Amino acid sequence: MKVYGRITVFPDMPPRINRLYELAYNLWWSWHPEARALYSTLDPELWETVGHNPVRFLSEVSPVILEKAASNPEYLRQFDTVLNDFDRYMHPGPEGTWFSRTYPSLTDKTIAYFSAEFGLHEALPIYSGGLGILSGDHCKEASDLGLPFVGVGFLYPQGYFSQQITREGRQEAIYEKLHFSQAPVVPAVGPDGHEVMISVDLPGRRIYAKVWRLMVGRIPLYLMDTDVEPNAPADRELSARLYAGDREMRISQEIMLGIGGVRALRALGIEPAVWHLNEGHAAFLSLERCRELVAQGMTFDEAREVVTANSLFTTHTPVPAGNDTFNYDLIDKYFGAYWGQLGLTRDQFLEVAREDHGWGATYGMTVLALRLTGQHNGVSALHGAVSRKMWQFLWPGLDVDDVPIGSITNGVHTFSWIAPEINALFQRYLAPDWGEHIDDAAFWDNRIQNIPDDALWHTHLQRKKQLIEYARRSLREQHLRLGEGSFQIAEFEQMLKPEALIIGFARRFATYKRATLLFRDIERLKRILNDPERPVQIIFAGKAHPADEPGKALIEQIYHHSRSPEFKGKIILLENYDIDMARYLVSGADLWLNNPIRPYEASGTSGQKAALNGLPNFSILDGWWAEGYNGSNGWSIGEEREYHDQEVQADADSASLYDTLENEIIPTFFNYDERGIPTRWIAYMKEAIRTCTPQFSMRRMVKEYTTRYYVPEIEQGTAIQQNNYERVRTLARWKKRVQQHWPSLQLYVNGQREGQLSLGESIEVHAWVRVNELTPEELLVELVYGDLYEEHARPQYAVPMRYVQREQDGAYRFDAVLQPEASGSIAYNVRVVPSHPLLTEKYEMGLIRWG
Ligand SMILES: *Cc1c(COP(=O)(O)O)cnc(C)c1O
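Residues numbered from 1 in each chain as written. Predicted model: local features only at pLDDT ≥ 70, side-chain atom pairs only at ≥ 80, totals over all residues. Heavy atoms only, no water.

*Asks:* Please explain the overall build of the protein as it appears in this structure.
*Replies:* If you tally the helices and strands in the protein, you get 29 helices and 30 strands. The C-alpha radius of gyration computed for the protein amounts to 29 Å, which stays within 12% of the reference 29 Å derived for 851 residues, consistent with globular compactness. Along the first, second and third principal axes, the C-alpha atoms of the protein reach 95 × 65 × 55 Å. Intrachain contacts of the protein at a sequence separation of at least 6 include 72% that bridge at least 24 residues. Counting every atom, the protein has about 34800 Å² of accessible surface; 48% of that belongs to carbon and sulfur. Here the protein holds 86 positive side-chain charges and 112 negative ones, and the gap between their average locations is 2 Å. (Helix = DSSP H or I, 4+ residues; strand = E, 2+ residues; numbered from the N terminus. Rg over C-alpha atoms; globule rule 2.2 N^0.38 Å. Contact = heavy atoms within 4.5 Å. Areas by Shrake-Rupley, 256 points an atom, 1.4 Å probe, with all protein chains shown as cover. Lys, Arg positive; Asp, Glu negative; His and termini not counted. Charge placed at Lys NZ, Arg CZ, Asp CG, Glu CD.)

As structure tokens, then:
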């Protein structure tokens, strides 16, 4: 039969445990194993069959089982405990949440967070990798902290693919359809009580999306789906898959995410006070907000002031392919009817997002996002610096250190990633409520030594055993599918040994992550892996993007190594890396390996998950590990530098990798005391937990976003709306005037050019600025100085110069005294930037003149 409708019918539920439904529809269970256990323990086999999805589970579980549970006192006791916790979480009482305690007056504001993917749980495959996991963790923590927060994205019915590996080692992408009636989502309802349906115009047609609501603890995610009437079949596929299809599909998806997403929030009656663009995919949302304001009578320049005042953009990758750009013919086709609604000409519209690296201008989503948001950040200190360099061209004249892109280092949602056994250990030896102290470094400093070595080690061995069992199951399934004989299958039952040093390597197979670096010197690797006294085994897992042939080739190579006589049983490749597998790997391996090409790993988060479970990291000093590594919480690979030649870099990094593995890591791991406990290794484990758990937690991260960006932007967004946007008009008018006259500006500096000073002495510096139509108050003239290394001067100090007088020729004179703080070689200069009390950022206009 051709399917027209699909309805999930639940069995009769005994009233005593009826709330199992309610619980199933809140992803709160995804970070509370005891809540998942209310389902899984009823029928463990079915729980596996339904992919750990409680909604599907309830539709298929036998009524007899439910009846039994409803009269089982032990089950009911657990049921009551979980629901009690759930109720207290959802309604925290007068004490409130962190946000309501810290910012009581802002609890009626809304932070809207746009992301193309959300990685919340394996049962909801609407994520592909680190970006999605980060979004999912961000939402969970926003809920924990009590932020007034909503997420906006897609409910991809086919999501990201499941991976199968063929006999030849080829990756095959399997798309399974997620039936929404069996997912923990409900249709979103607007203030009028109707289900929300929105539309956007694409070339020659209007396409519609239904909006679904997914509850993540206290916060809702609004997820769009285009598989609805009356869309044409091709348009129904628009939101079918994540990152699939051609450029037209991509731009259509991004139009739906950005423009459709704004319309969805409007239809829901939600008025965000802050807009957070998680990666450039959502950048069209700023255009849509401008369009709304232009429709209300503003100019584009005014609208832009309003939009930038309360929006934040987080960039996630320095890899060029990760920054979407579109050709102008595509922009003409998709936005030809749109720029007029912004009051812009084609040229003006294109100029906003223009990116030109010498082979022709394109429309860059990262450029658009940077230009139409007021605050921007990268995801680790190093990535912040790399991003400032990468996008410096948008602020010509600014020193790279002054480019307004900050950084907040990523973190992970602790309770989503901690193994239950480690959680129990922390409860016992740190504090029953240790979760209240996640980001309090002093708490960890003071208590980590309370955990006895043997308790930590034996807990770790329990996790290791579970990983080994998981891996054997997975290999068995994989090879049964491939039709292998029982002899070979039996081999897998023996694979992986608890006494071996097990190294975990799991992440997307993107080429910059260099999954095969370890194989650069095969003979050396053979020696390392084939020492019978000190066995070492490595588990690999990860998906390559279906269109990434070089990424897929890496999988093939590793697959062949895993089948070769010398590495069989020592190199293990597991298929279909997902959140479920990640939980086993980051808590059951002994060591977490990461060896990307520095500086392409913007942050990386899997190593943070590993560290909080007591796994030391062994990684390139890139992304978060460049901040996390302290010499005794894991090991580094290579040096803290970049190379021009990637082959040279790979030689240097792999040599360092083998050396450290042979000379430090393996001897430390296999150094057991008389009780059979590797005490030196355990010192590394504890140091990993102590240093990384607080610093690389999602709690620290979301608090940082809140205090540094969300709260100031809420305030600014509110201030700017007063008196019917009076400030905006003033500011937009002023900027226009400044832009017009800036080219006429001339700057003369007069001060000592060469010479010596004794410490404590000073020199006078004078500057004259001549400019049409601008007053001295509209200029910020700064004396800038800093250390001079060889020929490179670092601007470290900027001292405002004092306006003295208007000279007879009309020039403004400014004075300052330069008095160096320390001895050494210094350089100085003078610069002028436009200044206005309503500017958010000193450099937001991108205008600067140096002496
Ligand atoms: C954490 C995680 C990632 C991101 O890992 P990186 O080390 O940052 O690449 C990707 N996929 C899954 C399933 C994860 O759990």
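*Asks:* What am I meant to see in the site of the ligand here?
*Replies:* Surrounding the ligand, one finds 14 residues, the nearest of these being Lys513, Gly604, Thr605, Ser606 and Lys609. Here Lys609 contributes a side-chain N or O atom positioned 2.6 Å from an oxygen atom of the ligand. At the level of secondary structure, the elements contributing two or more residues to the shell around the ligand comprise helix H8 (130-145), helix H24 (579-588) and helix H25 (606-612). Residue classes in the shell around the ligand are distributed as five nonpolar, five polar and four charged. (Near = heavy atom within 4 Å. Polar contact = N/O pair within 3.5 Å; in protein donor to acceptor, adjacent residues only side chain to side chain. Nonpolar A, V, L, I, M, F, W, Y, C, P; charged D, E, K, R; others polar.)

*Asks:* Would you mind going over the pairing of strand E17 (residues 536-541) with me for this structure?
*Replies:* Taken residue by residue, a regular strand's side chains alternate between the two faces of the sheet. Where burial is concerned, most of E17 is hidden: six out of the six residues are buried. Where burial is concerned, the two faces of E17 agree: the one with Val536, Ile538 and Phe540 and the one with Gln537, Ile539 and Ala541 are both buried. For strand E16 (residues 501-506) and E17, the ladder comprises six bridges, and the chain directions are parallel. Residue pairing across strands places Leu501 opposite Val536, the latter belonging to E17. After leaving E16, the chain enters helix H22 (residues 522-529) and then returns to the sheet as E17, a path that is right-handed. Bridge count for E17 against strand E18 (residues 571-574) is four bridges, and the pairing is parallel. Looking at E18, one finds that Ile538 is bridged to Ile571. In this fold, the crossover linking E17 to E18 by way of helix H23 (residues 549-563) has right-handed handedness. (Buried < 20%, exposed > 50% of the residue type's maximum accessible area, 1.4 Å probe, protein only. Pairing = 2+ DSSP bridges. Right-handed = clockwise from strand over helix to strand, strands pointing away.)

*Asks:* What's the story with the side chain of Glu122 in this structure? I'm lost.
*Replies:* By the secondary structure assignment, Glu122 is in the loop between strand E1 (111-114) and H8. A polar side-chain atom of Glu122 sits 2.7 Å from a polar atom in the side chain of His52. A distance of 3.0 Å separates polar atoms of two side chains, one belonging to Glu122 and the other to Arg583. In contact with Glu122, other than residues within four places in its own chain, are Gly51, His52, Tyr127, Asp578, Ile579, Asp580 and Arg583.

*Asks:* Explain the UniProt feature "modified residue: N6-(pyridoxal phosphate)lysine" (unreviewed entry) in the protein to me, please; I cannot follow it from the model alone.
*Replies:* The positions that UniProt labels "modified residue: N6-(pyridoxal phosphate)lysine" (unreviewed entry) are, in the present scheme, Lys609. Tracing the backbone shows Lys609 in helix H25. Assessed through its relative accessible area of 4%, Lys609 is described here as buried. When sequence neighbours within four positions are dropped, the list of residues in contact with Lys609 reads Ile133, Val412, Trp417 and Val586. (UniProt positions renumbered as here; feature names shortened; annotations may be inferred.)

*Asks:* For this particular structure, what's the right way to read H24?
*Replies:* Given 3.6 residues to a turn, an α-helix orients residues that are three or four positions apart in the same direction. With respect to burial, H24 is a largely interior element, ten of its ten residues being buried. Listed as buried for H24 are Ile579, Asp580, Met581, Ala582, Arg583, Tyr584, Leu585, Val586, Ser587 and Gly588. Residue Asp578 occupies the N-cap position of H24, its side-chain oxygen lying 3.1 Å from the main-chain nitrogen of Asp580.

*Asks:* Looking at this model, I keep getting lost on the sheet that holds strand E28 (residues 812-818). Mind explaining?
*Replies:* Strand pairs in the sheet, formed through backbone hydrogen bonds, run parallel or antiparallel to each other. Read from one edge of the open sheet, four strands run E22-E23-E28-E27, paired in antiparallel fashion. What marks the edges here is a single partner per strand, and that holds for strand E22 (746-750) and strand E27 (802-806). With direction set aside, neighbouring strand axes in the sheet form an average angle of 25°. In this sheet, strand E23 (residues 763-770) lies alongside E22 in antiparallel orientation, the contact comprising five bridges. Among the inter-strand pairings, Gln746 is bridged to a residue of E23, identified as Arg770. (Axes fitted to C-alpha atoms, helices over the stretch in contact; angles between N-to-C directions.)

*Asks:* Looking at this structure, I do not really get the pattern of salt bridges. What am I missing?
*Replies:* Pairs can form between side chains of opposite charge whenever their charged atoms are close. One pass over the full model with this rule turns up 59 salt bridges. A salt bridge links Asp439 to Lys703; the shortest N-O distance between them is 3.0 Å. A residue pair is termed long-range when its members are at least 10 positions apart, and Asp439 in the loop between helix H18 (420-429) and helix H19 (441-447) and Lys703 in helix H29 (residues 698-741) qualify at 264 residues. Accessibility expressed as a relative area gives 24% for Asp439, which makes it partly exposed. Across the salt bridge formed by Asp651 and Arg520, the nearest N and O atoms sit 2.8 Å from each other. On the criterion of sequence distance, the pair formed by Asp651 in helix H27 (residues 646-669) and Arg520 in the loop between E16 and H22 is long-range, its members being 131 residues apart. By relative accessible area, Asp651 is classed as partly exposed at 45%. Judged by its relative accessible area of 34%, Arg520 falls in the partly exposed class. (Salt bridge = Lys/Arg side-chain N within 4 Å of Asp/Glu carboxyl O.)

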